[in-house]
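Each chain is listed here by its residues.
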Amino acid sequence: MLKKKYDKASKILIRIAKVNGVTPPRGKDQEDILAELLQSYDDGVEQSTSLSHVNTDSFFDLFKSRVLCQRACAIFFNWFVINMVFYVFVLNMEHLKAGSLYVNFIIGAVVEYPAHLFSLLLVDRVGRKPVHLFLLFVAGTASGAAVGVSMKVGEDHQWVVSMLSIIGKFGAAGLMGTSFLWLTELFPTSIRSSGLGVSSSFARCGAMLAPYIVLWGSIITEHKIDGALPFIVVCAASVLAFLFNLSLPETNQKELPATIADAKVFGKRRESLYTAENQGTGLNYGSTRVLGDDSDALVFPPKSVLKGRTRQGSRSRGRVSLAAATIPIF
């Protein structure tokens, strides 16, 4: 079909029809009839494709909108922080003052399994955003607690720092899973692959920075912050990422944005689909689609359209709120 070889395609279809016991179109020359049908069908597909809207979204269109630009920067910063935090916890196992290096590393590796299982079981039930924020809170809180413990307690209680480090590794490991799901869904479908690629680049930058943070923590030997520098950086970065995430919308059980235009209104309560064609008559109502809901709703036109088109005695009835005028269709 793609090569316009309709005669060969018709022969294959006739053979398939005979094997399946289906009678092909009757005529003097079945192959010619099928070839004409295939060609007409192919021409119709090409015509409908040429008339349809061709998507021209570009990745750089994200930065032409203030909302999308802020959202993209928050996503990129999240990827940077999550990978940095994860690898800081991994590499800092060597510098923990309590426990065996091998035992700590094994426990830190094993804890990734329940972390991914935790996020897998809850992302569809609770939501992507709450699970992501909770895991980020766990990583940041464990790091902050490790800073206080390492600076206050003596050598005999450094096992608490090791335990807090493993708890932080639990949160960081879970974040590696939720970031691929939630943060990627925030990009519109038209540029989602490009968004994931750029996000992965920021993630690699965070991973490259992690060894230097651990190294600086081992070089600084001042008593007050001895061994606490990696946890200080992780805690501060987690708090910033947590605050940035508060502005990002939830994607669970919602219709994901397909284009840049959809992404601009994604996360708002309602997306008005009232068109200019409907404004001309005043009779046809536009529709408002609740993002993330399968049901559509019909709403009355804006008050500017209703004004002057209603009777003088019933003019006040046209002044209704959008929410009150919404009629769900099931």
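Residues numbered from 1 in each chain as written. Predicted model: local features only at pLDDT ≥ 70, side-chain atom pairs only at ≥ 80, totals over all residues. Heavy atoms only, no water.

Visitor: Looking at this structure, how should I read the overall build of the protein chain?
Guide: Within the protein chain, the secondary structure is distributed over 12 helices and four strands. Here the protein chain holds 330 residues, and 39% of them are scored as buried. Split by element, the accessible area of the protein chain, about 19,200 Å² in all, is 62% carbon and sulfur. (Helix = DSSP H or I, 4+ residues; strand = E, 2+ residues; numbered from the N terminus. Buried < 20%, exposed > 50% of the residue type's maximum accessible area, 1.4 Å probe, protein only. Areas by Shrake-Rupley, 256 points an atom, 1.4 Å probe, with all protein chains shown as cover.)

Visitor: Even after reading the chapter, I still don't get the packing of helix 3 (residues 66-91) against helix 9 (residues 229-245), so can you show me in this structure?
Guide: Helix-helix packing is characterised by the crossing angle of the two axes and by the distance between the axes. Between helix 3 and helix 9, the shortest axis-to-axis distance is 10 Å and the interhelical angle comes to 155 degrees. The angle between helix 3 and helix 9 places the two elements in the roughly antiparallel class. Seen along the crossing, helix 3 lies across helix 9 with a hand that is left-handed. On the side of helix 3, the interface is formed by Ala74, Phe77, Asn78, Val81, Met84, Val85, Val88 and Phe89, while helix 9 contributes Pro230, Phe231, Val233, Val234, Ala237, Ser238, Leu240, Ala241, Phe244 and Asn245. By residue class, the composition of the contact of helix 3 with helix 9 is 15 nonpolar, three polar and no charged. (Axes fitted to C-alpha atoms, helices over the stretch in contact; angles between N-to-C directions. Parallel < 35°, antiparallel > 145°, perpendicular 65-115°, else oblique. Left-handed = near helix turned anticlockwise from the far one by under 90°. Contact = heavy atoms within 4.5 Å. Nonpolar A, V, L, I, M, F, W, Y, C, P; charged D, E, K, R; others polar.)

Visitor: How do you make sense of the UniProt feature "transmembrane region" (unreviewed entry) in the protein chain when you look at a structure like this?
Guide: UniProt tags residues 72-90, 102-122, 134-153, 159-183, 195-215 and 227-246 as "transmembrane region" (unreviewed entry). With 100% helix and 0% strand, residues 72-90 has its two end C-alpha atoms placed 27 Å apart. Helix makes up 95% of residues 102-122 and strand 0%. Its end C-alpha atoms lie 31 Å apart. (UniProt positions renumbered as here; feature names shortened; annotations may be inferred.)

Visitor: Teacher, can you tell me more about the pattern of salt bridges here?
Guide: When charged atoms on two side chains of opposite charge get close, those side chains can pair. Using the criterion set out here, one finds four salt bridges in the structure. Between Asp61 and Lys64 there is a salt bridge, with its nearest N and O atoms 3.1 Å apart. What emerges from the salt-bridge pattern is a single network uniting Asp124, Arg128 and Glu185. (Salt bridge = Lys/Arg side-chain N within 4 Å of Asp/Glu carboxyl O.)

Visitor: Mind showing me how you'd approach a nonpolar patch on the surface here?
Guide: Nonpolar side chains collect at one region of the surface, where Val239, Leu240, Leu243, Phe244 and Leu246 lie side by side and expose about 440 Å² of accessible area between them. With respect to the helices and strands, Leu246 occurs in the loop between helix 9 and helix 10 (260-265). Classification of Leu246 as partly exposed rests on a relative accessible area of 46%. (Patch = residues over 30% accessible without salt bridge, like charges linked within 9 Å, V, L, I, M, F, W, Y side chains within 5 Å.)

Visitor: Got a minute to help me understand the packing of aromatic side chains in this structure?
Guide: The relation between two aromatic rings is expressed through the spacing of the ring centres and the mutual angle of the planes. Within this structure, the stated rule accounts for 11 aromatic pairs. Look at Phe76 and Phe202: their rings are 4.9 Å apart centre to centre, the planes differ by 0 degrees, and that puts the pair in the stacked class. Taken as a pair, Phe76 in helix 3 and Phe202 in helix 8 (residues 192-219) lie far apart in primary sequence, 126 residues in all. Residue Phe202 is classed as partly exposed on the basis of its relative accessible area, which comes to 35%. Taking 4.8 Å as the distance between ring centres and 90 degrees as the angle between the ring planes, the aromatic pair formed by Trp79 and Phe180 counts as edge-to-face. In this pair, Trp79 is assigned in helix 3 and Phe180 in helix 7 (residues 159-185), connecting sequence segments 101 residues apart. Judged by relative accessible area, Trp79 falls into the buried class, the value being 3%. (Phe/Tyr/Trp six-rings, centres within 6.5 Å; stacked < 30°, edge-to-face > 60°.)

Visitor: How should the side chain of Asn78 be read in this particular structure?
Guide: Position of Asn78 relative to the elements: it lies in helix 3. In this structure the side chain of Asn78 is engaged in a polar contact, spanning 3.3 Å, whose partner is the side chain of His132. Asn78 has contacts with His132, Leu183, Ala241 and Asn245, leaving out every residue within four places of it along the chain. (Polar contact = N/O pair within 3.5 Å; in protein donor to acceptor, adjacent residues only side chain to side chain.)

Visitor: What should I look at first to understand the nonpolar core in this one?
Guide: Within soluble globular proteins, side chains that are nonpolar tend to cluster in buried spots. Of all hydrophobic cores here, the largest spans 54 residues; its most connected members are Leu62, Val85 and Leu183. Counting only elements with at least two residues in this core, the list comes to helix 3, helix 6 (128-152), helix 7, helix 8, helix 9 and helix 10. Residue contributions to this core peak at 14 residues, all from helix 3. (Core = buried A, V, L, I, M, F, W, Y, C linked by side-chain atoms within 4.5 Å.)

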